[in-house]
Amino acid sequence: MKKYIIVFFFSVLTLSIWAVDKPNVVVTTTIIADITQQIAGDKITITSLVPVGGDPHLYEPIPQDAIVISKANLILKNGLTLEGWLNEFIENSGPKATAITVTEGIESILCSCYANSPDPHAWMDAENGVVYAENIKNALVKLDESHAAEYEANFEDYKKELIETEVIIKNLIDSIPIEKRVLITSHDAFQYYGRKYGLQLESILGTSTDAEAQTSDINRLYSVIKKSGVPAIFIESTINPRTIQQIAKDTKVKIGGKLYADSLGEPESEGGTYIGMLVANTRNISNALRGITNEASKETVSEKNSSRTNWIFIIIIATLLIGGAGFMFKKMSN
């Protein structure tokens, strides 16, 4: 017994030392956190300042964030004006870590609302996601050269997944009638997505959520909905849906569902990863703009579940019958 206790003690001690030795990487958003996790695996500790469901445009750092930043070995930020609160916060927290902008090398879209201000939502294009991943991989290799080969290999695997995701997105968008390819959302987070995949983008707010909806913006959307005849408009996971819901009610169009824009969903949700978010958004958009309602989708899932239950029941009955027959045969043989 004593032997097992000693082995257990040294195992825990080894794991504790290993955990302490792992570099601390602080990221600003859940999207960057997931991409980093895919490349780093279990070789680093990742902390996202903005939590799941949080709005990085409006985030206000808490005292605990200063402690997290001060202990960081590397800071990964989106840049392109997304984290307006970050630079001053880093200066005040006094970290020794280098801050890396993971959108470096991406051709940014300029915001129509503010002169020379880039749209920060570059992650909405899966091809840009490869750039994010490569910048993150390069930063991790520089930080932790001992695991460089693993980071390189993980990046190559993840790059293939992103390329496959790009094909899925294009196929889903191509299924939407051309005249219905109009995406109406709460704020202007989908310009990269629309430019890449061929959708007209319309929104109430600009690229930042730090603004108030104007009557002129709402009236413009009424006009777009009437002219295009789109069957659905969309709410976003991090923004109050009230205005979009009122527009839907006034124009008698459906709410096509909830899209992930500035944050991933909960870990167990369909939008719990970066790739999951892109695919879930696109499937939602494709179904809604083709007139397939959420209720119809739920019925389909229900039918599949019912069918699966029936098959499981049949298999169980068949197994019992076969087992029973075998038992009777054995009994008769004896």
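Refer to the preceding data block for the structure.
Rules and cut-offs
- Residues numbered from 1 in each chain as written.
- Predicted model: local features only at pLDDT ≥ 70, side-chain atom pairs only at ≥ 80, totals over all residues.
- Heavy atoms only, no water.
- Helix = DSSP H or I, 4+ residues; strand = E, 2+ residues; numbered from the N terminus.
- Contact = heavy atoms within 4.5 Å.
- Areas by Shrake-Rupley, 256 points an atom, 1.4 Å probe, with all protein chains shown as cover.
- Axes fitted to C-alpha atoms, helices over the stretch in contact; angles between N-to-C directions.
- Parallel < 35°, antiparallel > 145°, perpendicular 65-115°, else oblique.
- Nonpolar A, V, L, I, M, F, W, Y, C, P; charged D, E, K, R; others polar.
- Buried < 20%, exposed > 50% of the residue type's maximum accessible area, 1.4 Å probe, protein only.
- Pairing = 2+ DSSP bridges.
- Right-handed = clockwise from strand over helix to strand, strands pointing away.
- Salt bridge = Lys/Arg side-chain N within 4 Å of Asp/Glu carboxyl O.
- Expected span 1.5 Å × (residues − 1).
- Phe/Tyr/Trp six-rings, centres within 6.5 Å; stacked < 30°, edge-to-face > 60°.
- Polar contact = N/O pair within 3.5 Å; in protein donor to acceptor, adjacent residues only side chain to side chain.
- Lys, Arg positive; Asp, Glu negative; His and termini not counted.

(A) Just the overall build of the chain, in detail. In terms of helices and strands, the chain carries 11 helices and eight strands. In the chain, once contacts between residues fewer than 6 apart in sequence are set aside, the share between residues at least 24 apart is 64%. If you sum the accessible surface of the chain, you get close to 18,300 Å²; carbon and sulfur atoms cover 56% of it.

(B) Geometry of the packing of helix H6 (residues 148-174) against helix H10 (residues 274-289). At a closest axis distance of 9 Å, the pairing of H6 and H10 adopts a crossing angle of 5 degrees. Relative to H10, H6 is oriented roughly parallel. For the pair H6 and H10, contact is made by Tyr158, Glu161, Leu162, Thr165, Ile168, Ile169, Leu172 and Ile173 and by Tyr274, Ile275, Leu278, Val279, Thr282, Arg283 and Ser286, respectively. Its residues placed into classes, the contact of H6 with H10 shows 10 nonpolar, three polar and two charged.

(C) Focus on unusual backbone geometry. Positioned with a positive phi, Leu80 is a non-glycine residue whose angle comes to about 55 degrees. With respect to the helices, strands and loops of the structure, Leu80 is situated in the loop between strand E3 (74-77) and helix H4 (86-93). Positive phi is not limited to glycine here, since Lys252 has a value of about 60 degrees. When its relative accessible area of 74% is taken as the criterion, Lys252 is described as exposed.

(D) Main features of the pairing of strand E1 (residues 24-27). Looking at chain direction, E1 and strand E2 (residues 45-48) are connected through four bridges and run parallel. In the strand pairing of E2, Asn24 is matched with Thr45. Between E1 and its parallel partner E2, the chain crosses via helix H2 (residues 30-40), and the hand of that crossover is right-handed. In the sheet, E1 pairs with E3 via three bridges, with the strands oriented parallel. Note that in E3 the partner of Val27 across the bridge is Leu76.

(E) Looking closely at the pattern of salt bridges. This structure, assessed with the given rule, holds eight salt bridges. Its salt-bridge partner being Asp217, residue Arg220 comes within 3.5 Å of it at the nearest N-O pair. With Arg220 and Asp217 both in helix H8 (residues 215-228), this residue pair falls three residues apart, about one helical turn. Linked by salt bridges that have partners in common, Asp125, Glu127, Glu166 and Lys196 make up one network.

(F) Representation of H6 in the model. Its 27 residues place the ends of H6 39 Å apart at the C-alpha level, agreeing with the 39 Å of an ideal helix rising 1.5 Å per residue. Within H6 the residues assigned to the buried category are Ala148, Tyr151, Phe155, Tyr158, Leu162, Thr165, Glu166, Ile169, Leu172 and Ile173. Buried-residue contacts for H6 involve H2, helix H5 (126-143), helix H7 (191-197) and H10.

(G) Highlighting the sheet that holds E2. Here we have four strands laid out as an open sheet, ordered E2-E1-E3-E4, and parallel in their pairing. Edge positions in the open sheet fall to E2 and strand E4 (98-101), since each of these has one partner strand only. The mean inter-strand angle of the sheet, taken between neighbouring strand axes irrespective of direction, is 25 degrees. With four bridges joining them, E3 and E4 adopt parallel strand pairing. By the bridge assignment for E4, Lys77 is matched with Thr101. In the packing of H2 onto the sheet, contacts are made with E1, E2 and E3, and the angle to E2 comes to roughly 165 degrees.

(H) Up close: the packing of aromatic side chains. Within the structure shown, the criterion is met by three aromatic pairs. With a centroid separation of 5.2 Å and 65 degrees between ring planes, the pair formed by Tyr193 and Tyr197 is classed as edge-to-face. Of this pair, Tyr193 and Tyr197 both sit in helix H7, four residues apart, which is roughly one turn of the helix. Here Tyr193 matches Tyr197 in class, with each residue buried. In this structure an aromatic cluster arises from ring pairing among Phe190, Tyr193 and Tyr197.

(I) Spatial organisation of the side chain of His57. With respect to the helices and strands, the residue His57 is situated in the loop between E2 and helix H3 (63-70). Of the polar contacts made by the side chain of His57, one reaches the side chain of His121; its length is 3.2 Å.

(J) Quick look at the side chain of Asp119. Position of Asp119 among the secondary structure elements: in the loop between E4 and H5. Although Asp119 is buried, it makes no salt bridge; Arg195 carries the closest opposite charge, 8.9 Å away. For Asp119, the side chain forms a polar contact with the side chain of His121, separated by 2.7 Å.

(K) Structural detail: the environment of Asn73. Inspection of the secondary structure assignment puts Asn73 in the loop between H3 and E3. When the C-alpha positions of Asn73 and Ala97 are compared, they lie 4.8 Å apart, and in sequence the two are 24 residues distant. Residue contacts for Asn73: discarding those within four places in its chain leaves Pro23, Asn24, Ala97, Thr98 and Leu143. Only 2.7 Å separates the side chain of Asn73 from the backbone nitrogen of Asn24, close enough to count as a polar contact.

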